[in-house]
Amino acid sequence: MCRHLGWLGAPVSVSSLVLDPPQGLRVQSYAPRRQKHGLMNADGWGVGFFSDLPDPTPRRWRSPAPLWGDASFDSVAPVLRSHCVVAAVRSATVGMPLEASATAPFTDGQWLLSHNGIVDRAVLPLSANAESVCDSAVLAAAIFDRGLDALGDTIIEVGSTDPLARLNIMAANGSRLLATAWGDTLSILRRADGVVLASEPYDDDPDWEDIPDRHLVEVTGDQIVLTALNRSKGF
Ligand code: GLN
């Protein structure tokens, strides 16, 4: 299913994370290497980032069209610079709407959040804050409503109520980057200037490491904490 990426570190251009890498999200939109569900990610894309202005509001650029054909984004992305980015390319689940509002990253005004996977909306609480009826948007609203400090517990609970769910999350608020591996791939790259978390490596750098399934990763400054998501915990 979809592919996503998160960055926390020094300010870098959005294109250096999303467009330039040889196997970055632009290439993953038509030729992902590790995608287990779906063939390609042609159903839209979204990039969210925090600026270094005093205004902490995350900014988003989303589209329901394929990333590979977006000449305007290609033109602007080299001059968009950020220390904290969440980006995604989408392979829509059958029955979900094809629209920008169904495309990650979602936001509550403070956090950016992407969901890579599938979940039965019937197991999720109804929230007035969902941006779309898309399962990922409903899940994002449930996570926002509960708070990101409870992300691990929320994933465990939803995963137990819907055992077929795949719940890979990428979320950031400008100073924290969180990701879960629950049913799909997740990799981490520790660079000298920051940390990348991504559904799959964007190049063949040998420093990429795979995150084991059913784990939560939290990046804060120089600190990286890996926590097992134990099914029997929290309920
Ligand atoms: N279920 C979500 C959607 O339809 C995410 C799909 C995915 O991860 N491929 O957009």
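The structure presented is a predicted model; accordingly, all values stated were derived computationally and were not measured.

1. Some remarks on the site of the ligand
The full set close to the ligand counts twelve residues, and C2, R90, S91, T93 and D135 are the nearest of them. The contact in question runs from an oxygen atom of the ligand to an N or O atom on the side chain of R90, over 2.5 Å. Here G117 contributes a backbone N or O atom positioned 2.7 Å from an oxygen atom of the ligand. Protein contacts shield 99% of the accessible area of the ligand, which totals 290 Å² for the unbound molecule.

2. Side note on the side chain of S63
With respect to the element layout, S63 can be found in strand β3 (residues 59–63). Polar side-chain contacts of S63 include one of 3.0 Å to the backbone nitrogen of A65. Residues contacting S63, with those up to four places away along its chain left out, are G44, W45, D70, A100 and T103.

3. Notes on the packing of helix α4 (residues 135–146) against helix α5 (residues 151–161)
Following both chains from N to C, one finds α4 and α5 inclined at 135°, their axes separated by 10 Å at the closest point. Relative to α5, the element α4 lies oblique. As for how α4 packs across α5, the hand of that crossing is right-handed. Across from L139, I143 and R146 in α4, the residues of α5 making contact are L151, D153, T154, I155, E157 and V158. The residue inventory of the contact of α4 with α5, partitioned by class, reads five nonpolar, one polar and three charged.

4. Describing the pattern of salt bridges
Inspection of every chain in the model, using the stated rule, returns 14 salt bridges. Put simply, R60 and E131 hold a salt bridge, and the shortest N to O gap is 3.0 Å. Residue R60 is located in strand β3, and its partner E131 is located in the loop between β6 (112–118) and α4; the two are separated by 71 residues in the primary sequence. As a salt-bridge pair, E131 and R62 come within 3.0 Å of each other at their nearest N and O atoms. Here R62 lies in strand β3 and E131 lies in the loop between β6 and α4, a separation of 69 residues in the sequence. We classify E131 as partly exposed; its relative accessible area is 25%. Residues joined by salt bridges that share partners form a network here, namely R3, D184 and E200.

5. Examining the environment of L186
Structurally, L186 is set in the loop between β8 (176–181) and β9 (187–191). C-alpha of L186 to C-alpha of D210: the two residues are 24 residues apart in sequence and 6.1 Å apart in space. Those residues within four positions of L186 in sequence are excluded, and the remaining contacts are N168, M170, A179, T180, A181, A198, S199, E209, D210, I211 and V217.

What counts as what
- Residues numbered from 1 in each chain as written.
- Predicted model: local features only at pLDDT ≥ 70, side-chain atom pairs only at ≥ 80, totals over all residues.
- Heavy atoms only, no water.
- Near = heavy atom within 4 Å.
- Polar contact = N/O pair within 3.5 Å; in protein donor to acceptor, adjacent residues only side chain to side chain.
- Areas by Shrake-Rupley, 256 points an atom, 1.4 Å probe, with all protein chains shown as cover.
- Helix = DSSP H or I, 4+ residues; strand = E, 2+ residues; numbered from the N terminus.
- Contact = heavy atoms within 4.5 Å.
- Axes fitted to C-alpha atoms, helices over the stretch in contact; angles between N-to-C directions.
- Parallel < 35°, antiparallel > 145°, perpendicular 65-115°, else oblique.
- Left-handed = near helix turned anticlockwise from the far one by under 90°.
- Nonpolar A, V, L, I, M, F, W, Y, C, P; charged D, E, K, R; others polar.
- Salt bridge = Lys/Arg side-chain N within 4 Å of Asp/Glu carboxyl O.
- Buried < 20%, exposed > 50% of the residue type's maximum accessible area, 1.4 Å probe, protein only.

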